[in-house]
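Architecture and fold: a report
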Amino acid sequence: MAFVEISNVRKVFSGGGREVVALDEANLSFGEGEFVALLGPSGCGKTTLLKIVSGLISKTSGSVTVAGQEVTGPYSDYGFVFQQPSLMPWRTVRENVLFPMEILKRKDAAAAKRADELLALTGLSSFANSRPHELSGGMQQRVSLCRALIHKPRLLLMDEPFGALDEFTRLEMNDLLLKVKDETKASVLFVTHSISEAIYLSDKVVVFSRRPARVHLEFNVALPGPRSQATRFTPEFTEAERRASEALGLLGAH
Ligand SMILES: Nc1ncnc2c1ncn2[C@@H]1O[C@H](COP(=O)(O)OP(=O)(O)OP(=O)(O)O)[C@@H](O)[C@H]1O
């Protein structure tokens, strides 16, 4: 059985006298340790799907299982990274990273050690006692990545985490994320608007249709050798970009 299994998920938002069908028959599954990127037009339901997988919002119908368990509400085996870092400004970097362990009542010496290891992995050791306002946007997002990983979740949900960063920082964050994924072995479901980011990071790219979202195209990304920035200039990378662009309807005549 797949680690994450999304079957026939439908989500209808109702309110203000109207209904919005955000997802309709969304189907997707992936194995433990896989990195899956979701691409799709703005407003097609990508964030809605992430929130359903996390149990933060309920689905109207269909089924979502993670590690064989049906998701019926929030659970602790995932970490969530949002587009904005949403750090607590009065806490230090280390205390922000440790915050989930307070909620889980597991803020002990092992948690402190793990926080320091994650800060080292993301190059933030010397900022452990700084406050968020003393960090750049990219560094703040690294803190929120550490916070999402502090309780060793097997699933990492990321909603356009690098969308607000400049191109150079975004490329650096992509490489950092590949390193973090290698270390943690977490499965990742990653929403992005960037075709090249989706291909660079993923084992599998899923392209959604316009709302209500269904899977329009799903393909495995096979790139030569270990990934580095030079991979972006290989024929295999260009071909994957072409497939995703075509599925998004970007290659039609004007
Ligand atoms: N709480 C809500 N109440 C009503 N409608 C909602 C709610 N949340 C989302 N929607 C609607 O559901 C649809 C899908 O929204 P969602 O945020 O999932 O799209 P998205 O693909 O993540 O968009 P973007 O790429 O622009 O971030 C949109 O039409 C949105 O207006």
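Residues numbered from 1 in each chain as written. Predicted model: local features only at pLDDT ≥ 70, side-chain atom pairs only at ≥ 80, totals over all residues. Heavy atoms only, no water.

Per an unreviewed UniProt entry, the chain carries the name ABC transporter ATP-binding protein and comes from Paradevosia tibetensis. On record in UniProt, under Sequence similarities (unreviewed entry), the comment for the chain is "Belongs to the ABC transporter superfamily." (UniProt positions renumbered as here; feature names shortened; annotations may be inferred.)

Running from N to C, helix α2 (residues 93–103) and helix α3 (residues 109–121) cross one another at 125°; their axes reach a closest spacing of 10 Å. Overall, the two elements α2 and α3 adopt an arrangement that is oblique. Of the two possible hands of crossing, α2 and α3 adopt the one that is right-handed. The segment α2 lies against α3, with Val93, Arg94, Val97, Leu98 and Met101 engaging Ala111, Ala112, Ala115, Asp116 and Leu119. (Axes fitted to C-alpha atoms, helices over the stretch in contact; angles between N-to-C directions. Helix = DSSP H or I, 4+ residues; strand = E, 2+ residues; numbered from the N terminus. Parallel < 35°, antiparallel > 145°, perpendicular 65-115°, else oblique. Left-handed = near helix turned anticlockwise from the far one by under 90°. Contact = heavy atoms within 4.5 Å.)

A word on unusual backbone geometry. Unusually for a residue other than glycine, Ala67 sits at a positive phi of about 50°. As for its placement among the helices and strands, Ala67 is situated in the loop between β4 (61–66) and β5 (69–70). Accessibility expressed as a relative area gives 33% for Ala67, which makes it partly exposed. (Buried < 20%, exposed > 50% of the residue type's maximum accessible area, 1.4 Å probe, protein only.)

Tracing the sequence through the fold places Lys46 in helix α1 (residues 46–54). Salt bridges are absent for the buried Lys46, whose nearest opposite-charge side chain, Glu160, sits at 5.6 Å. Among the polar contacts made by the side chain of Lys46, one reaches the main-chain carbonyl oxygen of Pro41 at a distance of 3.1 Å. Residues within four places of Lys46 in sequence aside, it is in contact with Leu38, Leu39, Gly40, Pro41, Val191 and His193. (Lys, Arg positive; Asp, Glu negative; His and termini not counted. Salt bridge = Lys/Arg side-chain N within 4 Å of Asp/Glu carboxyl O. Polar contact = N/O pair within 3.5 Å; in protein donor to acceptor, adjacent residues only side chain to side chain.)

Counting buried positions along strand β7 (residues 155–159) gives 5 out of 5 residues, so the element sits mostly inside the fold. Relative to β7, strand β6 (residues 78–81) runs parallel, the two sharing 4 bridges. Note that in β7 the partner of Tyr78 across the bridge is Leu155. Of the pairings in the sheet, the one linking β7 to strand β8 (residues 187–191) comprises 5 bridges and is parallel in character. Counted as the bridge partner of Leu155 is Ser187 from β8. You can see the chain leave β7, run along helix α5 (residues 167–184) and come back into β8, and the turn it takes is right-handed. (Pairing = 2+ DSSP bridges. Right-handed = clockwise from strand over helix to strand, strands pointing away.)

Moving on, we come to the site of the ligand. Contacts to the ligand come from 14 residues, most closely from Ser42, Gly43, Lys46, Thr47 and Thr48. One of the side-chain nitrogen or oxygen atoms of Ser42 is found 2.6 Å away from an oxygen atom of the ligand. Interatomic distance of 2.8 Å between a side-chain N/O atom of Thr47 and an oxygen atom of the ligand. Notes on the ligand: free accessible area 640 Å², of which the protein chains cover 61%. (Near = heavy atom within 4 Å. Areas by Shrake-Rupley, 256 points an atom, 1.4 Å probe, with all protein chains shown as cover.)

Moving on: α1. Working note: α-helix, 3.6 residues per turn, so residues spaced by three or four point in the same direction. Of all 9 residues in α1, 7 are buried; the element is thus mostly enclosed. Taken together, the buried positions of α1 are occupied by Lys46, Thr48, Leu49, Leu50, Ile52, Val53 and Ser54. Gly55, located one to two residues past α1, shows a positive phi value of around 80°.

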